[in-house]
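The residues making up each chain are set out below.
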Amino acid sequence: MAKQIRVQSELVPAYAVIRLSGFLNIFAEEEIEGEVNRLLELHCPLLLLDFSQVEHIDSAGITILVGVAAKVGDAQARLGAYGLSPHYQKIFHMVGLDDYIAVGEERESLLARLQSSD
Amino acid sequence: MAILMAQPAASSLEERWGTVELVLPGDIELEAVAVQAAGAVAAQAGFPPERVEDVKTAVGEAFINAVEHGNRGRADRQVTLRFHRQGNTLRVDVFDCGKGFDLNRLEAPHLRPKIEGRESRRGWGLFLMRHLADHLEVSRCTSGGSCVSLTIVSRPSSLDR
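Predicted, not measured: the structure shown is a model, and the values here were computed from it. (Residues numbered from 1 in each chain as written. Chains lettered and ligands numbered in written order. Predicted model: local features only at pLDDT ≥ 70, side-chain atom pairs only at ≥ 80, totals over all residues.)

**Some words on the overall build of chain A**
Along its length, chain A carries four helices and five strands. Order of helices (α) and strands (β) in chain A, N terminus to C terminus: β-β-α-β-α-β-α-β-α. Expected size for 118 residues packed as a compact globule is a radius of gyration near 13 Å; at 13 Å, chain A falls within 12% of this value. Within chain A, the proportion of its 118 residues that are buried is 43%. Of the contacts formed within chain A by residues at least 6 apart in sequence, a portion of 66% connects residues at least 24 apart. (Helix = DSSP H or I, 4+ residues; strand = E, 2+ residues; numbered from the N terminus. Rg over C-alpha atoms; globule rule 2.2 N^0.38 Å. Buried ≥ 20, exposed ≤ 12 C-beta atoms within 10 Å, placed from the backbone. Contact = placed C-beta atoms within 7 Å.)

Pasting the structure below:
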């Protein structure tokens, strides 16, 4: 049985948090994209991805995140990520994802930074 | 499903398990097994935590490449991961049943055109292997199949300091 992602989200008026846990790989695509689409259809202006329970991100997971960044940008919403381990912060920077996804150590400080730049 | 073999015991840690081999069915659902085995071997070899993570990611990508491209998704074809430890270096050979590929003919991916939808969003596996390993090579096996070899040196990264 493959390790699979679990996706849960919390929507407040100003933003939504998508909590990911497990393996972010090819099996996660449908669930993550479905949740992002749902939140964007609700006109959520800011999506935060919580990676604190993510065990592993592979190249297919990077591909999913590239798609999410594109979709959020097209919807003129903003995207942030927190809870990334130092290893995945390094990979985000290596790939260039941190040019499209604001990365913070934890939720409150990231939220404060994104909301102060409004 | 998986066979894990270590060389016979000897006096030093390095001699005790100079080589560890894991044979898996070529099933993408076993990616986690390859990743976790790679992490366990690197940690046992004394790699610092961030280099253990580099090993896990690079070996996971080599496994995915072997399954998807080498074995063309056929789960009845095996993927063999062979870990060789020598001093502060870990070499991981990942064998599949394919014909291999020319590393020099594969271009580095660029994010902007992928974000803008002007090219496929895929293509990060080799990029990750190249950036996380100290050396990467692809070879054909005389007995058939091909091998992706990753060499990773155990050194503290900036993230471990």
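**Some words on the pairing of strand β3 (residues 78-86) of chain B**
Residue and element names in this part refer to chain B. Burial along β3 is one-sided: V79, L81, F83 and R85 are buried, and none of Q78, T80, R82, H84 and Q86, which face the opposite way, are. Sheet topology note: the strand β2 (residues 19-25)/β3 ladder contains seven bridges and is antiparallel. The residue bridging V20 from the neighbouring strand is F83, located in β3. Pairing of β3 with strand β4 (residues 89-96) involves seven bridges; the strand directions are antiparallel. Across the sheet, the residue bridging to L81 is V94, located in β4. With antiparallel pairing between neighbouring strands as the criterion, β3 and β4 make up a hairpin whose turn holds two residues, including G87 at a positive phi of roughly 60°. (Pairing = 2+ DSSP bridges.)

**Thoughts on the interface of chain B and chain A**
Opposite the 21 residues of chain B that make contact, chain A presents 23 residues. Elements represented by at least two residues in the side of chain B that touches chain A include exactly α2 (31-44), α3 (49-70), α4 (111-115) and α5 (125-132) of chain B. Looking at the side of chain B that touches chain A element by element, the count peaks at five residues for α3(B). In terms of residue class, the side of chain B that touches chain A is built from nine nonpolar, four polar and eight charged. (Nonpolar A, V, L, I, M, F, W, Y, C, P; charged D, E, K, R; others polar.)

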